[in-house]
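# Per-entry structural report
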Amino acid sequence: MDSSQWIDVTTEKNHYSLDHFVIPTHYEQDVSSILIPHGVIMDRVNKLARLIVEEATGPLVVCCILKGGHQYFADLVNAVKKLTNKDGKTIPLSLEFIRVKSYKNDKSEGVTMSITDEECNEFNGKNLLIVEDIIDTGATMVQLLKKLETFSPKSVKVTSLLVKKTPKSNGYIPDYVGFSIPDEFVVGYALDYNEYFRDLDHICVISEHGKKVYAV
Ligand code: 5GP
């Protein structure tokens, strides 16, 4: 997917005032603006589901990258289930849940996954769809893809709801992108700050107050 196909919300004018939508009272002080209202997220997820189904040639193993990807994953899978491809066929799905942690030490960089190599061997010959919440530098996804390739899947495609526009990017762009966002820390729609804000529906920019209150 090239940048003309995703929604750019990187400028000041894309931010909505908190007065214009409902925010849970317990977070009123903790976010500074709404970047993507929940309804817009849902409409975009429906479009991404359609693009994925149109290009799907057979069964998909849909891999949820935990924890931040779980809401996007759930809504995307629900949308994909309702759609048919160009031949009028629905797409068989199997679901996998992977917790991924990236690491960097003086010798190498890579990722650890919460599923075993034995479980990953099941990916051999399958079409994988990786579902991620956000690509920031791209380091985690590049390392994850490197690791997954060692299990010889038939194909691997990646969708990320958000891609951050940042000078720290390694240039990695997923196959299906929802929105490009500014270089700010966002929360909501399952994206957290120290495990808080997963219960907020809109994608919002965290405030200085929020960063202080929920700091560890
Ligand atoms: P990357 O390896 O692309 O730099 O980082 C990817 C991970 O960093 C994401 O999966 C996410 O966990 C975390 N991350 C990066 N930016 C944000 C952000 O703005 N908000 C939240 N909640 N997590 C972020």
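One structure accompanies this document, and this report is about it. Here the structure is a predicted model, which means the values were calculated and not measured. (Residues numbered from 1 in each chain as written. Predicted model: local features only at pLDDT ≥ 70, side-chain atom pairs only at ≥ 80, totals over all residues. Heavy atoms only, no water.)

### Description of unusual backbone geometry
Cis geometry is found at the peptide bond from Leu66 to Lys67, where omega equals -5°. Its identity is not glycine, yet Ser152 carries a phi of approximately 50°, on the positive side. Mapping Ser152 onto the fold places it in the loop between helix H4 (139–149) and strand E7 (155–164). Taking relative accessible area as the criterion, Ser152 reaches 42% and is therefore assigned partly exposed. The phi dihedral of Tyr189 is positive, around 50°, even though this residue is not glycine. Structurally, the position occupied by Tyr189 is in the loop between strand E9 (186–187) and strand E10 (203–206). Exposure remark for Tyr189: the relative accessible area of 2% places this residue in the buried category. (Helix = DSSP H or I, 4+ residues; strand = E, 2+ residues; numbered from the N terminus. Buried < 20%, exposed > 50% of the residue type's maximum accessible area, 1.4 Å probe, protein only.)

### Thoughts on the packing of helix H1 (residues 38–55) against helix H2 (residues 70–81)
Close contact between H1 and H2 brings their axes to 9 Å; oriented N to C, the two are set at 55°. Relative to H2, the element H1 lies oblique. The way H1 lies across H2 gives a crossing that is right-handed. Residues Met42, Val45, Asn46, Leu48, Ala49, Ile52 and Val53 of H1 lie in contact with H2, whose contacting residues are Tyr72, Asp75, Leu76, Ala79 and Val80. Among the residues making up the contact of H1 with H2, the classes are represented as 10 nonpolar, one polar and one charged. (Axes fitted to C-alpha atoms, helices over the stretch in contact; angles between N-to-C directions. Parallel < 35°, antiparallel > 145°, perpendicular 65-115°, else oblique. Left-handed = near helix turned anticlockwise from the far one by under 90°. Contact = heavy atoms within 4.5 Å. Nonpolar A, V, L, I, M, F, W, Y, C, P; charged D, E, K, R; others polar.)

### Observations concerning the nonpolar core
One finds Ile36, Leu76, Leu161 and Leu162 to be the most contacted residues of the largest nonpolar core, which totals 33 residues. Here this core gets seven residues from one element, more than from any other, and that element is H1. Apart from residues lying up to four places away in sequence, Leu76 is in contact with Val45, Leu48, Ala49, Ile52, Leu129, Val131 and Thr159. Among the nonpolar cores identified, the runner-up in size contains 23 residues, and Ile65, Cys120, Phe123 and Val163 belong to it. (Core = buried A, V, L, I, M, F, W, Y, C linked by side-chain atoms within 4.5 Å.)

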